[in-house]
Amino acid sequence: MLFKPAVYLVDFIAQRPDDSWKHSRIDSEMYAENSKQFTKEAVDFQRKVLWFGGLGNETYLPPWLGNFPQNTSMENAKLEFDLVVVKACRDLLEKNNVKPSQIGVLVVNCSLFCPTPSLCAHIMNHFKMGRNVITYNLGGMGCSAS
(Lines give C-alpha, C1' and ligand atoms only; values in the text may rest on other atoms or scores of the structure.)
Protein backbone atom coordinates (compact mmCIF):
# COMPACT_ATOMS: atom_id res chain seq x y z
CA MET A 1 0.00 0.00 0.00
CA LEU A 2 1.32 3.43 -0.93
CA PHE A 3 1.49 6.11 1.73
CA LYS A 4 -0.27 9.31 0.72
CA PRO A 5 1.17 12.27 2.67
CA ALA A 6 -1.21 14.75 4.25
CA VAL A 7 -1.30 18.30 2.91
CA TYR A 8 -2.25 21.13 5.24
CA LEU A 9 -3.22 24.73 4.62
CA VAL A 10 -0.99 26.63 7.01
CA ASP A 11 -2.36 30.11 6.31
CA PHE A 12 -3.69 32.33 3.57
CA ILE A 13 -4.11 35.97 2.65
CA ALA A 14 -7.15 37.47 0.96
CA GLN A 15 -5.63 40.25 -1.09
CA ARG A 16 -7.86 43.22 -1.81
CA PRO A 17 -6.76 45.90 -4.24
CA ASP A 18 -7.52 49.57 -3.66
CA ASP A 19 -11.23 50.46 -3.66
CA SER A 20 -10.68 52.43 -6.87
CA TRP A 21 -10.42 49.02 -8.60
CA LYS A 22 -14.02 48.07 -7.65
CA HIS A 23 -16.45 47.64 -10.51
CA SER A 24 -20.03 46.45 -10.72
CA ARG A 25 -21.05 43.53 -12.90
CA ILE A 26 -22.76 46.00 -15.23
CA ASP A 27 -19.48 47.97 -15.55
CA SER A 28 -17.60 44.75 -16.29
CA GLU A 29 -20.08 43.78 -18.99
CA MET A 30 -19.80 47.23 -20.54
CA TYR A 31 -15.99 47.01 -20.57
CA ALA A 32 -16.11 43.67 -22.39
CA GLU A 33 -18.65 44.93 -24.92
CA ASN A 34 -16.92 48.27 -25.55
CA SER A 35 -13.44 46.81 -25.83
CA LYS A 36 -14.21 45.51 -29.33
CA GLN A 37 -11.83 42.64 -28.49
CA PHE A 38 -14.46 39.92 -28.10
CA THR A 39 -17.10 38.28 -30.26
CA LYS A 40 -20.73 38.42 -29.16
CA GLU A 41 -20.41 34.79 -28.03
CA ALA A 42 -17.36 35.60 -25.91
CA VAL A 43 -19.13 38.57 -24.29
CA ASP A 44 -22.16 36.35 -23.57
CA PHE A 45 -19.84 33.78 -21.94
CA GLN A 46 -18.20 36.51 -19.83
CA ARG A 47 -21.65 37.73 -18.80
CA LYS A 48 -22.55 34.22 -17.57
CA VAL A 49 -19.32 34.00 -15.58
CA LEU A 50 -19.97 37.43 -14.04
CA TRP A 51 -23.56 36.67 -13.04
CA PHE A 52 -23.39 32.97 -12.18
CA GLY A 53 -19.74 32.34 -11.30
CA GLY A 54 -19.83 33.71 -7.77
CA LEU A 55 -18.37 37.13 -8.54
CA GLY A 56 -19.95 39.87 -6.45
CA ASN A 57 -21.24 43.24 -7.56
CA GLU A 58 -18.02 44.78 -6.32
CA THR A 59 -15.57 42.81 -8.42
CA TYR A 60 -12.04 44.19 -8.69
CA LEU A 61 -10.58 45.02 -12.09
CA PRO A 62 -7.42 46.99 -12.82
CA PRO A 63 -8.22 50.61 -13.70
CA TRP A 64 -6.79 50.39 -17.21
CA LEU A 65 -9.52 47.94 -18.26
CA GLY A 66 -12.09 50.71 -17.79
CA ASN A 67 -10.25 53.11 -20.08
CA PHE A 68 -11.03 53.22 -23.78
CA PRO A 69 -9.17 52.17 -25.68
CA GLN A 70 -8.17 49.62 -23.08
CA ASN A 71 -4.47 49.41 -22.38
CA THR A 72 -3.92 45.67 -22.02
CA SER A 73 -0.15 45.82 -22.26
CA MET A 74 2.46 43.47 -20.81
CA GLU A 75 3.61 46.33 -18.60
CA ASN A 76 0.13 46.73 -17.11
CA ALA A 77 -0.24 42.96 -16.64
CA LYS A 78 3.09 42.88 -14.78
CA LEU A 79 2.02 45.90 -12.71
CA GLU A 80 -1.24 44.17 -11.78
CA PHE A 81 0.69 41.02 -10.80
CA ASP A 82 3.02 43.06 -8.59
CA LEU A 83 0.23 45.09 -6.99
CA VAL A 84 -1.91 42.04 -6.20
CA VAL A 85 0.04 38.77 -6.13
CA VAL A 86 3.49 39.94 -5.04
CA LYS A 87 1.87 42.06 -2.32
CA ALA A 88 -0.15 39.02 -1.16
CA CYS A 89 3.06 36.95 -1.01
CA ARG A 90 4.81 39.69 0.97
CA ASP A 91 1.88 40.01 3.39
CA LEU A 92 1.70 36.23 3.89
CA LEU A 93 5.44 35.96 4.59
CA GLU A 94 5.30 38.86 7.04
CA LYS A 95 2.14 37.56 8.76
CA ASN A 96 3.85 34.22 9.45
CA ASN A 97 7.35 35.60 10.09
CA VAL A 98 8.77 33.47 7.28
CA LYS A 99 11.86 34.50 5.35
CA PRO A 100 11.86 33.93 1.57
CA SER A 101 14.98 31.79 2.02
CA GLN A 102 12.86 29.33 4.06
CA ILE A 103 10.57 28.55 1.10
CA GLY A 104 11.21 25.15 -0.51
CA VAL A 105 8.34 24.92 -3.02
CA LEU A 106 6.60 27.67 -4.98
CA VAL A 107 3.42 27.08 -7.00
CA VAL A 108 1.91 29.87 -9.10
CA ASN A 109 -1.39 29.47 -10.96
CA CYS A 110 -2.48 32.20 -13.36
CA SER A 111 -4.83 31.36 -16.19
CA LEU A 112 -4.49 34.39 -18.47
CA PHE A 113 -1.08 35.97 -17.92
CA CYS A 114 1.75 33.57 -18.79
CA PRO A 115 4.89 35.64 -19.46
CA THR A 116 8.43 34.53 -20.08
CA PRO A 117 10.32 34.46 -17.73
CA SER A 118 7.60 32.77 -15.66
CA LEU A 119 5.62 34.25 -12.79
CA CYS A 120 7.47 31.84 -10.48
CA ALA A 121 10.75 33.36 -11.67
CA HIS A 122 9.33 36.85 -11.06
CA ILE A 123 8.42 36.00 -7.46
CA MET A 124 11.72 34.21 -6.85
CA ASN A 125 13.70 37.18 -8.18
CA HIS A 126 11.57 39.73 -6.32
CA PHE A 127 12.07 37.99 -2.96
CA LYS A 128 15.63 36.81 -3.75
CA MET A 129 14.76 33.15 -3.12
CA GLY A 130 17.43 30.50 -3.49
CA ARG A 131 18.04 28.44 -6.64
CA ASN A 132 17.07 25.27 -4.82
CA VAL A 133 13.35 26.18 -4.67
CA ILE A 134 11.15 23.70 -6.52
CA THR A 135 8.76 25.66 -8.72
CA TYR A 136 5.53 24.86 -10.53
CA ASN A 137 4.24 27.54 -12.84
CA LEU A 138 0.70 26.62 -13.92
CA GLY A 139 -0.56 28.80 -16.73
CA GLY A 140 -3.28 28.82 -19.31
CA MET A 141 -5.22 26.05 -17.58
CA GLY A 142 -8.09 28.13 -16.22
CA CYS A 143 -9.91 26.79 -13.18
CA SER A 144 -8.77 23.23 -13.89
CA ALA A 145 -5.36 24.05 -12.38
CA SER A 146 -6.86 24.95 -8.99
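None of these values were measured; they are calculated from a predicted model.

K.L.:
Could you clarify how one ought to interpret the side chain of Ser35 in this entry?
P.N.:
One can find Ser35 in the loop between helix H1 (25-34) and helix H2 (40-52). A polar contact is formed between the side chain of Ser35 and the backbone oxygen of Ala32, at a distance of 3.0 Å. Those residues within four positions of Ser35 in sequence are excluded, and the remaining contacts are Phe68 and Gln70.

K.L.:
Please explain the state of the cysteines as it appears in this structure.
P.N.:
Chemically, a disulfide is nothing more than a covalent bond linking the sulfur atoms of two cysteines. Applying the stated criterion across every chain yields a total of zero disulfides. Looking at Cys89, it has no disulfide partner, and the nearest cysteine sulfur is the one in Cys120, 9.7 Å off. For Cys89, a relative accessible area of 23% translates into the label partly exposed.

K.L.:
How do you make sense of the pairing of strand E3 (residues 105-110) when you look at a structure like this?
P.N.:
Successive residues of a regular strand alternate their side chains across the two faces of the sheet. In this sheet, strand E4 (residues 134-139) lies alongside E3 in parallel orientation, the contact comprising six bridges. If you follow Val105 over to E4, its bridge partner there is Ile134. The parallel pair E3 and E4 is bridged by helix H4 (residues 119-126), and the resulting crossover is right-handed.

Thresholds, definitions, all that
Residues numbered from 1 in each chain as written. Predicted model: local features only at pLDDT ≥ 70, side-chain atom pairs only at ≥ 80, totals over all residues. Heavy atoms only, no water. Helix = DSSP H or I, 4+ residues; strand = E, 2+ residues; numbered from the N terminus. Polar contact = N/O pair within 3.5 Å; in protein donor to acceptor, adjacent residues only side chain to side chain. Contact = heavy atoms within 4.5 Å. Disulfide = S-S within 2.5 Å. Buried < 20%, exposed > 50% of the residue type's maximum accessible area, 1.4 Å probe, protein only. Pairing = 2+ DSSP bridges. Right-handed = clockwise from strand over helix to strand, strands pointing away.

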